[in-house]
Amino acid sequence: MARKWVYLFKEGNANMRELLGGKGANLAEMTNIGLPVPQGFTITTEACTQYYEDGREINDEIMGQITEHIAKMEEITGKKFGDKENPLLVSVRSGARASMPGMMDTILNLGLNEDVVGVLADKSGNPRWAWDCYRRFIQMYSDVVMEVSKSEFEKLIDAKKVEKGVKQDVELTAEDLHDLAEQFKAKYKEALGQDFPTDPKEQLYGAIKAVFRSWDNPRANVYRRDNDIPYSWGTAVNVQSMAFGNMGDDCGTGVAFTRDPATGNKGLFGEFLTNAQGEDVVAGVRTPMKISEMADKFPEAFDEFQKVCKTLEDHYRDMQDMEFTVEHGKLYMLQTRNGKRTAQAALKIACDLVDEGMRSEKEAVAMIDPRNLDTLLHPQFDPAAIKKATPLGKGLGASPGAACGKVVFTADDAEAWAARGEKVVLVRLETSPEDITGMKSSEGILTVRGGMTSHAAVVARGMGECCVSGCGDIIMDEENKKFDLNGKTFHEGDFISIDGTTGNIYEGKIPTVDASIAGEFGRIMDWADKYRKLGVRTNADTPTDAKKARELGAQGIGLCRTEHMFFDPERIEAFREMICSDTVEEREEALAKIEPYQQEDFKQLFEAMEGDPVTIRFLDPPLHEFVPTTEDEIAKLATKKGKTVEQIKAIISGLHEFNPMMGHRGCRLTVTYPEIAVMQTQAVIRAAIEVQKAHADWNLVPEIMIPLVGELKEYKFVKDIVVKVADEEIAKAGIKLEYEVGTMIEIPRACITADEIAKEADFFCFGTNDLTQMTFGFSRDDAGKFLNSYYDNKIYEQDPFAKLDQKGVGKLMDTALKLGRPANAKLHCGICGEHGGDPSSVEFCHKIGLDYVSCSPFRVPVARLAAAQAAISESCK
Ligand code: PEP
Ligand code: MG
């Protein structure tokens, strides 16, 4: 039997969302529970996918079923397309599985032509309404189906209003609208060289195709990427008989929520317009009234509407967002869906639903979108101000929050300007570890280069600071302290505003509002902790980050990048002396200067985590990242080392690598310079001994992590050094202290030889930033330059550095676990790449059985919630 591509509303239900889309499934459900829904049919999401498979054509089988359902719809409604007595007019609307408000297209009043408009005018005794519908239809059809810009028609309307000396559309008469309809048709012919279609069926087929096509429009593609909606889902098309809100003053249309979507407070919230159609409310042409005023205008319909709201909220057990129309005093429901809401409202509604006995704790946890939590933890733009602003450009939303400040171009300037009380945004080609203090002093960071795991992105996320990275449209002139973005030149001191969630960049000042954690936050987090199985640790390099993460619920540190501790002015000098040493003794002398600093830092990290696990990763980046760049600094170092400036410059240029990310870094540094690992081991163990002595009730077990391992023997080489030094330190102290030595798994070779490595490792921690880089062969700092073409061509839908590539990188992780765990029953495994704070990646980590995820402090609540949702969804299966 042929596949069923089209369903009448009465044939579907709410569980058929995948096939009928959200709107279609809910129209069917409302029909089933007896609510007043204008009837129609839904063309499935599978038909959309088929349309694309067939080269953007609707095949004969689908076309046949659509035609069949038009006949059925005519029978149900008692109206007929193009009929002279009782003509059928329909709306055609998109409706994907996940709601994508405003992303795809809608057409109203379809079925009108010169004859039908006459019939409507006569029958209704309301020619103004009939012509208003017709001119709206021509306008929408031309725009959506034939891509003739809406503004062409708006200009004609404006000219008409001037001609008639009126201000509002509603003041135009039937004759004016008739005349406009004629003008619109002429405009259509002028633009397309053909007459406006008169056959309602032809109009309908055009409209259905246009909705399918809109699934692939640029704004829908961007929305899908931002909201994690796969392209393969497709959109359904809903064809529904029209109810008219524009037939006179006893008609109207509105949009309402059962609870306030901004605060979550219970109570009807929405807007209403008399004598209008849906798009008038959204378009803001006229100022709508508050929904409560509907009680005076249409008491009966309002009464019924309130009952419908209660029925729907009880039925869906969630806040509903509804569209409705009143035609001659009678209520019609056009749509219902679980309403979009702010993070604050989401928490309040979930808690209230539990208190009202509508939802269980588990369900409440599952209702919250973890990505939303970001907005609770970071400053945001003032909602009213941002609504009015138009972005000038866009980069990657690399670290959430909003920032507004004066443009500065160097980290030193950021620090100096901030010290005198200025708010600044640091704009750089890319940042480097030296910029840390300047980054900290800024409100936000904007970079031209770099992806989601670039230095700027990772460090900003760690600090909870807003960052937009990789805005390739910026033409940078750092030397002259200016840059161009889409035709606008910014100089030092000019105001700029950036949004680290969307990646949007705005000219000028947009006020921000501080983060506020609502009372319900703690309740939801407690419930999440009750149900999750994954541990949640944090990536923290400083005691301040560690304390913040602890406040946000981190159960330990999964990654401390020790190199971030070297950039303090005193430390960097000693480190540079180490790099420019000729002998082991010289190097040891320089390292001895750094050891006390590291020891003190580690001590504070152990203290902040109160005995919970702390994983300290040994030096990872290539040494060239630490060398001086200015003549002054080079000269200073030369004096210190008793060398000439030329000799220092020769050492620096000797560190140059063509591909530093795959060069002399990670454990390779220790293989060349074992004394670095000796110093770092001493610092870790000495700090642990001190803290353990001070807190006898803690069982401190420091975890030493070796980066970039690809071969057992190289790991063993470093481990042997660590064990020897650690055991010596412990023996010297005469104390009992356990410690662990483990490895990052961030090279594909380590994944496929994990059985060998596991025998010598106490733990594995997946460094999915490097693992992604090495698996794809994409530079983590440069991939942003070409990934957009991959999105445009539907090769990849997501940035693999932000969202774990489960198919490839994930398979390597799974392989490593399957090989590693049987080889070492005690092996514990986590992830500390940036994916550890991404909800869908956290879900994957749960599925493959990791013990914990580790992420930047501000993502800890996101990870806790995502981990709970993964466990809850598994337990429901
Ligand atoms: C990683 O590679 O995933 C990782 C955590 O280490 P880094 O980002 O410091 O290379
Ligand atoms: Mg790494």
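On a predicted model such as this, the values are computed, not experimentally measured, just so you know.

S.K.: What's the story with the overall build of the protein in this structure? I'm lost.
M.R.: Across its full length, the protein carries 35 helices and 31 strands. On the principal axes, the C-alpha backbone points of the protein span a range of 100 × 60 × 50 Å. When burial is assessed residue by residue, the protein has 57% of its 877 residues classed as buried. Relative to all contacts within the protein whose residues are 6 or more apart in sequence, the contacts with residues 24 or more apart total 69%. Side-chain charges of the protein comprise 106 positive and 141 negative groups, with the mean position of each set lying 2 Å from the other.

S.K.: What should I look at first to understand the packing of helix α23 (residues 584-608) against helix α27 (residues 674-694) in this one?
M.R.: Axis separation between α23 and α27 bottoms out at 7 Å; the angle between their running directions is 30 degrees. As α23 runs across α27, the sense of the crossing is right-handed. Contacts between α23 and α27 involve Val584, Arg587, Glu588, Leu591, Ile594, Glu595, Gln598, Gln599, Phe602, Lys603, Phe606 and Glu607 from the first element and Glu675, Ile676, Met679, Gln680, Gln682, Ala683, Val684, Arg686, Ala687, Ala688, Glu690 and Val691 from the second. Tallied by class, residues from the contact of α23 with α27 come to twelve nonpolar, four polar and eight charged.

S.K.: Looking at this structure, I do not really get the coordination of the magnesium ion (ligand 2). What am I missing?
M.R.: Each pair of donors in an ideal octahedron of six around a metal sits at 90 or 180 degrees, and each pair in an ideal tetrahedron of four sits at 109.5 degrees. Looking at the magnesium ion (ligand 2), the protein donor atoms are Glu746 (OE) and Asp770 (OD), and they sit 2.0 to 2.2 Å from it. With glutamate 746 in the loop between β28 (740-745) and α29 (748-752) and aspartate 770 in helix α31 (residues 768-776), the pair connects residues that are 24 residues apart, well separated along the chain. Of the residues examined, glutamate 746 reaches a relative accessible area of 1% and is grouped as buried.

S.K.: Explain the packing of aromatic side chains to me, please; I cannot follow it from the model alone.
M.R.: The description of two aromatic rings rests on the distance between their centres and on the angle between their planes. Within the structure shown, the criterion is met by 28 aromatic pairs. Ring centres 4.5 Å apart and planes at 20 degrees place the aromatic pair phenylalanine 566 and phenylalanine 575 in the stacked group. Summarising the burial analysis for this pair, phenylalanine 566 and phenylalanine 575 share the class buried. Among the aromatic side chains, those forming a connected cluster through ring pairs are Phe776, Phe778, Phe786, Tyr790 and Tyr796. Across the ring face of tryptophan 215, the terminal group of arginine 224 is positioned such that the distance to the ring centre comes to 4.1 Å. Lysine 488 extends its terminal NZ or CZ atom over the ring of phenylalanine 490, reaching a point 5.4 Å from the ring centre.

S.K.: Would you mind going over the nonpolar core with me for this structure?
M.R.: Across soluble globular proteins, nonpolar side chains have a tendency to be buried as a group. If you look at the biggest cluster of nonpolar residues, it comprises 95 residues, and the most contacted ones within it are Phe602, Phe606 and Leu850. In this structure, phenylalanine 606 is in contact with Gly611, Val614, Ile616, Val684, Ala687, Ala688, Val691, Trp698, Leu700 and Pro702, ignoring residues within four places of it in sequence.

S.K.: What is the right way to read the pairing of strand β22 (residues 504-507) from this model?
M.R.: As a general feature of sheets, a regular strand has side chains that alternate between the two faces. In this structure, strand β12 (residues 393-394) lies alongside β22, joined through two bridges in antiparallel fashion. Bridge pairing in β22 links lysine 394 to asparagine 504. The sheet contact formed by strand β21 (residues 495-499) and β22 spans three bridges and is antiparallel. Its bridge partner lying in β22, serine 497 is registered against tyrosine 506. Here β21 folds back onto β22 in antiparallel fashion, the turn holding four residues, of which glycine 503 has a positive phi close to 85 degrees.

S.K.: Explain the environment of threonine 501 here, please?
M.R.: One can find threonine 501 in the loop between β21 and β22. The class for threonine 501 is partly exposed, based on a relative accessible area of 42%. C-alpha of threonine 501 to C-alpha of aspartate 226: the two residues are 275 residues apart in sequence and 9.5 Å apart in space. Looking at threonine 501, its side chain comes within polar contact range of the main-chain nitrogen of glycine 401, at 3.4 Å.

Reading the values: rules and limits
- Residues numbered from 1 in each chain as written.
- Chains lettered and ligands numbered in written order.
- Predicted model: local features only at pLDDT ≥ 70, side-chain atom pairs only at ≥ 80, totals over all residues.
- Heavy atoms only, no water.
- Helix = DSSP H or I, 4+ residues; strand = E, 2+ residues; numbered from the N terminus.
- Buried < 20%, exposed > 50% of the residue type's maximum accessible area, 1.4 Å probe, protein only.
- Contact = heavy atoms within 4.5 Å.
- Lys, Arg positive; Asp, Glu negative; His and termini not counted.
- Charge placed at Lys NZ, Arg CZ, Asp CG, Glu CD.
- Axes fitted to C-alpha atoms, helices over the stretch in contact; angles between N-to-C directions.
- Left-handed = near helix turned anticlockwise from the far one by under 90°.
- Nonpolar A, V, L, I, M, F, W, Y, C, P; charged D, E, K, R; others polar.
- Donors = N, O, S within 2.8 Å, 3.2 Å for Na, K, Ca; no water.
- Phe/Tyr/Trp six-rings, centres within 6.5 Å; stacked < 30°, edge-to-face > 60°.
- Lys NZ or Arg CZ within 6 Å of the ring centre and 35° of its normal.
- Core = buried A, V, L, I, M, F, W, Y, C linked by side-chain atoms within 4.5 Å.
- Pairing = 2+ DSSP bridges.
- Polar contact = N/O pair within 3.5 Å; in protein donor to acceptor, adjacent residues only side chain to side chain.

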